[in-house]
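Here is how the chains run, residue by residue.
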Amino acid sequence: MALEKHLSAGDSGEKVRKQTAVYVYEAPVRLWHWVTVLCILTLCISGYFIGSPLPAQPGEASDNYLMGYIRFAHFAAGYILAIAFVGRIYWAFVGNSHARELFIVPVWRKQWWSELLHELRWYLFLEKTPKKYIGHNPMGQLAMFGFFVIGNFFMIITGFALYGEGLGVGSWADRWFGWVIPLFGQSQDVHTWHHLGMWYIIIFVMTHVYVAVREDIMSRQSLISTMVGGWRMFKDDKPD
């Protein structure tokens, strides 16, 4: 929601200066964000080499375990990403209102659609002035849910489905995610979709970084530093 003007409730009735800093992202949200960044970086690099393995190493196979280390890094990062994602869902229930914005997109609100179109025009350089937002702006909220939340969930279930094949029939991964493989047709189909999902996430990350830097420079509030310290800093004291 756009930042609103605050008026004094004192006897003088004088207008109070608008807040220029608001605490938005709590420590667990910020920790989850940066842990996820490291996990996605590890998963994309290791996943690329799993899909396109390195040339054979010289010497005895027992002396080289390079692909084994790459697979281990991929599996470990996958576990951490999934556990962190579950923790993030939990914090959406117990954290502040901004912790829920990632999962609840208010598409039923007319004002949200109006502001979404305004932000779209702003990103296309058709608006001179953006609106102020304490949390995610409508465009960012929609992108985070549509690209990241859905994409992350897809990569977790397909990843653990493939992981269950290695653990074997009857393993926990097979019991929980084994249904994914026949849903897609066969194992190779899941491999293909999981690999395409990696590029889907990479495109999202590239766009996310570009928009974060652009908004930090051009918008009326901080962005990158907010995910570091938690405070949203506003660059002007004008009403929205």
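Residues numbered from 1 in each chain as written. Predicted model: local features only at pLDDT ≥ 70, side-chain atom pairs only at ≥ 80, totals over all residues. Heavy atoms only, no water.

The name given to the chain in an unreviewed UniProt entry is Ni/Fe-hydrogenase 1 B-type cytochrome subunit, with Marinobacterium mangrovicola as the source organism. Entered under Function (unreviewed entry) in the UniProt record, the comment concerning the chain runs "Probable b-type cytochrome." If you open the UniProt record of the chain and go to Subcellular location (unreviewed entry), you find "Cell membrane". (UniProt positions renumbered as here; feature names shortened; annotations may be inferred.)

Caption draft 1: A look at the nonpolar core. Counting 29 residues, the largest nonpolar core has Ile40, Leu81, Phe148, Ile156 and Phe160 as its most contacted members. Elements with a contribution of two residues or more to this core: helix 1 (27-51), helix 2 (66-94), helix 4 (138-167), helix 5 (172-177), helix 6 (180-184) and helix 7 (187-218). A per-element tally of this core places helix 4 first, with ten residues. Apart from residues no more than four positions distant in its own chain, Ile156 is found in contact with Leu81, Ala82 and Phe85. In terms of nonpolar packing, the next biggest core, distinct from the first, is built from eight residues, Val24, Val29, Ala99 and Phe234 among them. (Core = buried A, V, L, I, M, F, W, Y, C linked by side-chain atoms within 4.5 Å. Buried < 20%, exposed > 50% of the residue type's maximum accessible area, 1.4 Å probe, protein only. Helix = DSSP H or I, 4+ residues; strand = E, 2+ residues; numbered from the N terminus. Contact = heavy atoms within 4.5 Å.)

Caption draft 2: Summary view of the packing of helix 1 against helix 7. The geometry of helix 1 relative to helix 7 is characterised by a closest axis approach of 11 Å and an angle of 135° between their N-to-C directions. Taken together, helix 1 and helix 7 sit at an angle that is classed as oblique. When the axes of helix 1 and helix 7 are compared, the crossing they make is left-handed. The residues of helix 7 that touch helix 1, namely those facing His33, Ile40, Cys44, Gly47 and Tyr48, are Met198, Trp199, Ile201, Ile202, Val205 and His208. Here the contact of helix 1 with helix 7 is built from residues that sort into eight nonpolar, three polar and no charged. (Axes fitted to C-alpha atoms, helices over the stretch in contact; angles between N-to-C directions. Parallel < 35°, antiparallel > 145°, perpendicular 65-115°, else oblique. Left-handed = near helix turned anticlockwise from the far one by under 90°. Nonpolar A, V, L, I, M, F, W, Y, C, P; charged D, E, K, R; others polar.)

Caption draft 3: Summary view of helix 7. Given a rise of 1.5 Å per residue, 32 residues ought to cover 46 Å, and the 46 Å separating the end C-alpha atoms of helix 7 matches this to within 8%. Buried residues along helix 7 sit against helix 1, helix 2, helix 3 (110-123), helix 4 and helix 6. (Expected span 1.5 Å × (residues − 1).)

Caption draft 4: Geometry of the side chain of Ser222. Here Ser222 shows up in the loop between helix 7 and helix 8 (226-229). At a separation of 2.7 Å, a polar atom in the side chain of Ser222 contacts the side chain of Thr226. Beyond its immediate stretch of four places on either side in the chain, Ser222 contacts Asp216, Trp231, Arg232 and Met233. (Polar contact = N/O pair within 3.5 Å; in protein donor to acceptor, adjacent residues only side chain to side chain.)

Caption draft 5: Region of the structure containing the packing of aromatic side chains. On inspection of all chains with the given rule, the structure shows 19 aromatic pairs. Grouped by ring-pair contacts, the aromatic residues Phe75, Tyr79, Phe160, Tyr163, Trp172, Trp176 and Phe177 constitute a single cluster. Sitting above the plane of the Trp122 ring, Arg214 keeps its charged end 5.0 Å from the centroid. For Arg214, the ring lying beneath its charged end belongs to Phe125, and the centroid distance is 4.5 Å. (Phe/Tyr/Trp six-rings, centres within 6.5 Å; stacked < 30°, edge-to-face > 60°. Lys NZ or Arg CZ within 6 Å of the ring centre and 35° of its normal.)

Caption draft 6: Summary view of the UniProt feature "transmembrane region" (unreviewed entry) in the chain. According to UniProt, the "transmembrane region" (unreviewed entry) feature falls on residues 31-50, 70-91, 142-163 and 193-213. The span residues 193-213 shows a helical share of 100% and a strand share of 0%, and its end C-alpha atoms are spaced 30 Å apart.

Caption draft 7: Spatial organisation of the side chain of Gln141. By secondary structure assignment, the location of Gln141 is in helix 4. Given a relative accessible area of 6%, Gln141 falls into the buried group. In contact with Gln141, other than residues within four places in its own chain, are Glu101, Ile104, Val105, Pro106, Trp112 and His136.

Caption draft 8: Structural context of the environment of Phe184. Relative to the elements of secondary structure, Phe184 occurs in helix 6. We classify Phe184 as partly exposed; its relative accessible area is 25%. Sequence-wise, Phe184 and Gly140 are 44 residues apart; in three dimensions their C-alpha atoms are separated by 31 Å. Look past the residues within four positions of Phe184 in its chain and what remains in contact with it is Phe154, Thr158, Asp189, Val190 and Trp193.

Caption draft 9: The arrangement of the confidence of the model for the chain in detail. Predicted confidence across the chain gives a mean pLDDT of 87, with 90% of residues reaching 70 or more. Per-element averaging of pLDDT across the chain places strand 1 (residues 21-23) at the bottom with 88 and helix 1 at the top with 96. The low-confidence segment residues 1-17 (pLDDT under 50) makes 25 contacts with residues lying over four places distant or belonging to another chain. (pLDDT = per-residue confidence, 0-100.)

Caption draft 10: Just a nonpolar patch on the surface, in detail. Together, Trp34, Val37, Phe125, Val205, Val209, Tyr210, Val213, Ile217, Met218, Ile224 and Val228 give the surface a local cluster of nonpolar side chains, amounting to about 1,000 Å² of exposed area. When contributions to the nonpolar patch are tallied by element, the ones reaching two or more residues are helix 1 and helix 7. A per-element tally of the nonpolar patch places helix 7 first, with six residues. Locating Val37 in the fold gives a position in helix 1. (Patch = residues over 30% accessible without salt bridge, like charges linked within 9 Å, V, L, I, M, F, W, Y side chains within 5 Å. Areas by Shrake-Rupley, 256 points an atom, 1.4 Å probe, with all protein chains shown as cover. Salt bridge = Lys/Arg side-chain N within 4 Å of Asp/Glu carboxyl O.)

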